[in-house]
Amino acid sequence: MNVLETCFEQIRGRALRVVFPEGADERIVAAARRLRDEGLAEPILLEHPESSARLEAYAALYREGRPEANPRVATRLAAKALFQAGLMVKAGEAEAMVAGVAHPTARVIEAAMMTIGLAPESRRRRASS
């Protein structure tokens, strides 16, 4: 059994929810279908995050971690796919977010840092000046 098969066996049947903020991309749709068909995850595809019924709840969740944030700015961020996906993870509505097909890695990391944040036990190193 190879490494991927070992990983698949560890998650198969656990119904882990994975949010895909690039849900309109046909490659993402195909990958999500495969994950569901093989019992590896329950994919959540975001296509129109700006019209989510939970938009204000996500904006409020964002402001909980950043009380100085302007409410309108928080709502605009929560309407963006990468940020909404991260807020879904923070809210416990998904266990993971997978992105990077249509967004550069730096934007994906930025959105995750601003919404989910680092695990409590992790540390950041400062770059040398």
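Conventions used here
- Residues numbered from 1 in each chain as written.
- Predicted model: local features only at pLDDT ≥ 70, side-chain atom pairs only at ≥ 80, totals over all residues.
- Heavy atoms only, no water.
- Pairing = 2+ DSSP bridges.
- Helix = DSSP H or I, 4+ residues; strand = E, 2+ residues; numbered from the N terminus.
- Salt bridge = Lys/Arg side-chain N within 4 Å of Asp/Glu carboxyl O.
- Buried < 20%, exposed > 50% of the residue type's maximum accessible area, 1.4 Å probe, protein only.
- Right-handed = clockwise from strand over helix to strand, strands pointing away.
- Axes fitted to C-alpha atoms, helices over the stretch in contact; angles between N-to-C directions.
- Parallel < 35°, antiparallel > 145°, perpendicular 65-115°, else oblique.
- Contact = heavy atoms within 4.5 Å.
- Nonpolar A, V, L, I, M, F, W, Y, C, P; charged D, E, K, R; others polar.

Colleague: Before we go on, may I ask you to explain the sheet that holds strand 3 (residues 96-97) in this structure?
Modeller: Two pairing modes exist for strands in a sheet, parallel and antiparallel, and in both the strands are linked by backbone hydrogen bonds. Pairing within the open sheet is parallel, and its three strands lie in the order 2-1-3. Every interior strand has two partners, whereas the edge strands, strand 2 (42-45) and strand 3, have only one.

Colleague: Would you mind showing me how to read the pattern of salt bridges here?
Modeller: Side chains that carry opposite charge are capable of pairing whenever their charged atoms lie near each other. Throughout the structure, instances matching the rule amount to seven salt bridges. Salt-bridge contacts for R27 lead to D25; the nearest nitrogen and oxygen are separated by 2.8 Å. Looking at R27, the relative accessible area reads 53%, which means it is exposed. With a relative accessible area of 18%, D25 lands in the buried category.

Colleague: Could you clarify how one ought to interpret the pairing of strand 2 in this entry?
Modeller: Consecutive side chains along a regular strand alternate between the two faces of the sheet. Relative to strand 2, strand 1 (residues 17-20) runs parallel, the two being bridged by four bridges. The partner of F20 across the bridge, within strand 2, is L45. Remark: the strand 1/helix 2 (residues 26-37)/strand 2 crossover connection has right-handed handedness.

Colleague: Would you take a moment to explain the packing of helix 3 (residues 55-65) against helix 5 (residues 81-90) for this structure?
Modeller: The geometry of a pair of packed helices is captured by two quantities: the angle between their axes and the separation between those axes. Two elements in contact, helix 3 and helix 5, have axes separated by 10 Å at closest approach and are oriented at 75°. In terms of axis orientation, helix 3 runs roughly perpendicular to helix 5. Contacts between helix 3 and helix 5 involve L55, Y58, L61 and Y62 on the former and, on the latter, Q84, L87, M88 and K90. Partitioned by chemical class, the residues of the contact of helix 3 with helix 5 number six nonpolar, one polar and one charged.

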